[in-house]
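Analysis of the macromolecular model
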Amino acid sequence: MAGEFKVVVTDYIEADLDWEREQLAKRGVGFECYQLKQAPEEEVMRLTADADVVVVNMVKVTPRLVDSWTKCRMVIRHGAGYDNVNVQALTDRGIVLEYIPDYCQHEVAEHAIALMFACCRKVVWGRGVFDDSVARGEWDFKPIVPMFRMAGSTVGIIGCGRIGSLVYRKMSATGVKLMVCDPYLSERTREELNIEPVSLEELCKSSDLVTLHTPLNDETRGIINAKSLSWMKPTAYLVNTSRGGMVDHDALADALKSRSIAGAAIDVFEKEPPNSDFPLIGLDNVIITPHLSWYSKDAEQTIREKILEDIFRMIDGLSPRIPVNPEVLRASK
Ligand SMILES: NC(=O)c1ccc[n+]([C@@H]2O[C@H](COP(=O)([O-])OP(=O)(O)OC[C@H]3O[C@@H](n4cnc5c(N)ncnc54)[C@H](O)[C@@H]3O)[C@@H](O)[C@H]2O)c1
C-alpha cells in the first residue's frame with residue numbers, strides 16, 4: 001500500500017518540510033508540498049487530485065475541492081481549529097478530518113494570560129514600550145494612568161475547553177475571581193474546577209477582563225459584537241487568542257474609540273495578515289500580535305510529529321487520534 005500512497009501539503013508555515021519528506025520516504029510514502037494559500041482553487045484541485053492524505057494549513061477546503069479528489073481518505077488540518085474546512089463535504093465523501101488540538105494549549109493559555117497582564121500592568125501598551133521611553137531619558141508613569149489592581153478583579157472566560165480551562169487553572173493562583181460562559185462545558189471540567197457557568201451577558205457585565213476560547217462556528221461567529229460590547233464595563237479589556245471571526249472588529253473599534261471599553265489585545269484576525277486599513281490598527285488602546293499564540297519551538301516540533309503520527313496510523317490501519325467526523329469511521333466498518 002505504502003508504495004502508491006501520496007501525501008500532499010497545500011500550504012505550510014515551517015521554513016521547509018525536509019524532515020517530513022525524509023520520514024515519509026523511509027516508509028516509501030510519496031510527498032509533495034506547495035504554498036497554495038493565495039492560489040486559485042483550480043490549481044489546488046490539480047495539485048491535490050490524486051493525494052491519499054491532504055494536509056492543509058490555511059487553504060480553504062470547499063465542497064468543490066473535495067469533489068475533485070479521486071483517492072483522498074484523510075484531511076489533516078495543521079492546527080487546533082478547522083474553520084477553513086467544510087466538514088460536511090468531507091463526511092459526505094467518507095473522508096476523515098483530523099486536526100491537532102493538542103500541541104499548543106499551554107502556549108495559547110500563556111499568551112492570553114500575558115495579554116491580560118499586559119492590559120492590566122501595561123508593560124507594553126498601545127504603541128508604547130517603557131523600555132524605549134526610559135532609553136529616551138523619560139521617567140514617567142502618566143501615560144498609563146489610570147491603572148487598577150488586578151488581584152480581586154474578575155476574569156471572564158468564554159469557552160472553557162482545552163485552552164480556556166488551562167487559563168482557568170493558571171489564573172487561579174493570581175488572586176482574580178474567575179467566571180465562565182460555556183453552555184457545553186464538559187461535566188469533567190465542571191466538576192474538577194467547580195465551575196457554575198453563567199450567561200454571556202452576565203459574564204460581560206461582571207468581568208474586568210474577557211478572554212475568548214471557543215471554536216469559530218455559526219454560533220460563535222461575532223459573539224463579541226456591538227451588543228455584547230455594550231454590556232462590558234468602561235474599565236474592561238477584551239483578549240482574543242481564539243479566532244478573528246469571533247469578534248466584530250468594526251464594533252470593537254467603535255467601542256475602543258469611544259472608550260466604552262478600556263482596551264483590547266488581539267492575536268487573531270478574520271483576514272491574516274489584516275489590511276492596512278483594518279480598524280484596530282493604530283489605536284492607542286490596543287495590543288496586536290500576529291497570530292503567534294500557538295508558537296514555541298516545542299509546539300512547532302510537536303505538531304509536526306503529531307501530523308506524521310496521524311499519517312502513519314492511517315497507513316498502519318490504526319484508528320485516527322482525534323477525528324472531527326468519527327461517523328465516517330463507523331460507516332466504513
Ligand atoms: N491563536 C492561536 O495561535 C490558536 C492556537 C490554538 C487554538 N486556537 C483557538 O483557540 C480556540 C479554543 O481552542 P480549544 O482547543 O481550547 O477548543 P476546545 O474545543 O477544547 O474548547 C472550546 C470550548 O468552547 C466551548 N464552546 C462552544 N461553543 C460555545 C459558545 N457558544 N459559548 C461559549 N463556549 C462555547 C466548548 O464547550 C468548549 O468547552 C479555538 O478557536 C482555536 O481555533 C488559537
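Residues numbered from 1 in each chain as written. Predicted model: local features only at pLDDT ≥ 70, side-chain atom pairs only at ≥ 80, totals over all residues. Heavy atoms only, no water.

Structural notes on the overall build of the protein chain
Secondary structure assignment for the protein chain yields 13 helices and 13 strands. For 333 residues, the compact-globule estimate of 2.2 N^0.38 gives 20 Å, and the C-alpha radius of gyration of the protein chain, at 22 Å, lies within 12% of that figure. Taking the contacts inside the protein chain whose residues are at least 6 apart along the sequence as the reference set, 65% of them involve residues at least 24 apart. For the protein chain, the separation between the mean place of its 39 positive charges and that of its 49 negative charges on side chains is 2 Å. (Helix = DSSP H or I, 4+ residues; strand = E, 2+ residues; numbered from the N terminus. Rg over C-alpha atoms; globule rule 2.2 N^0.38 Å. Contact = heavy atoms within 4.5 Å. Lys, Arg positive; Asp, Glu negative; His and termini not counted. Charge placed at Lys NZ, Arg CZ, Asp CG, Glu CD.)

Some remarks on the site of the ligand
Close to the ligand lie 27 residues; Arg162, Ile163, Asp182, Thr214 and Thr241 are nearest. Contacts to the ligand include Glu219, whose side-chain N or O atom sits 3.2 Å from a nitrogen atom. Contact with the protein chains hides 90% of the accessible area of the ligand, taken as 870 Å² for the molecule alone. (Near = heavy atom within 4 Å. Polar contact = N/O pair within 3.5 Å; in protein donor to acceptor, adjacent residues only side chain to side chain. Areas by Shrake-Rupley, 256 points an atom, 1.4 Å probe, with all protein chains shown as cover.)

Remarks on the sheet that holds strand 5 (residues 96-99)
The pairing of strands in a sheet happens through backbone hydrogen bonds and is either parallel or antiparallel. As summarised here, the arrangement of the five strands in space is 2-1-3-4-5, forming an open sheet in which the pairing is parallel. The open sheet terminates on both sides in strands that have one partner only, identified here as strand 2 (30-33) and strand 5. With direction set aside, neighbouring strand axes in the sheet form an average angle of 15°. Two strands pair when backbone bridges link them, and strand 1 (residues 6-9) and strand 3 (residues 53-56) are joined in this way by three bridges, in the parallel orientation. Bridge pairing links Val7 to Val53 in strand 3. (Pairing = 2+ DSSP bridges. Axes fitted to C-alpha atoms, helices over the stretch in contact; angles between N-to-C directions.)

What about the environment of Glu196?
With respect to the helices, strands and loops of the structure, Glu196 is situated in the loop between helix 8 (187-193) and helix 9 (200-206). Residue classification places Glu196 among the exposed positions, given a relative accessible area of 61%. For Glu196 and Val180, which are 16 residues apart along the polypeptide, the C-alpha to C-alpha distance reads 7.4 Å. (Buried < 20%, exposed > 50% of the residue type's maximum accessible area, 1.4 Å probe, protein only.)

Quick look at the domain arrangement of the protein chain
In terms of domain boundaries, the protein chain breaks down into domain 1 (2-103 + 296-332) and domain 2 (105-288). Facing 12 residues of domain 1, the contacting portion of domain 2 comprises six residues. Each partner contributes to the roughly 690 Å² buried at the junction of domain 1 and domain 2, and carbon and sulfur atoms together form 39% of this total. Between domain 1 and domain 2 we count one salt bridge in total. The partner of Arg243 in a salt bridge is Asp83, with the nearest N and O atoms 3.0 Å apart. Across the domain 1-domain 2 interface, the total number found is four residue pairs in polar contact (both at pLDDT 80 or more). Looking at the side of domain 1 that touches domain 2 residue by residue, the classes come out as six nonpolar, two polar and four charged. (Domains from an automatic or database assignment. Buried area = accessible area lost by both parts, 1.4 Å probe. Salt bridge = Lys/Arg side-chain N within 4 Å of Asp/Glu carboxyl O. Nonpolar A, V, L, I, M, F, W, Y, C, P; charged D, E, K, R; others polar.)

Here we look at the environment of Asp284
Position of Asp284 among the secondary structure elements: in the loop between strand 12 (263-266) and strand 13 (286-288). Not counting the four nearest positions on each side in its chain, Asp284 is found in contact with Trp125, Gly126 and Arg259. In terms of polar contacts, Asp284 uses its side chain to reach the side chain of Arg259, at 2.8 Å.

A look at helix 1 (residues 18-26)
The complete set of buried residues in helix 1 reads Glu20, Gln23 and Leu24. On an axial view of helix 1, the arc spanned by its buried residues comes to 95°, and they lie on one face. Downstream of helix 1 by one or two residues, Gly28 has phi in the positive range, about 70°. (Arc of directions from axis to C-beta.)

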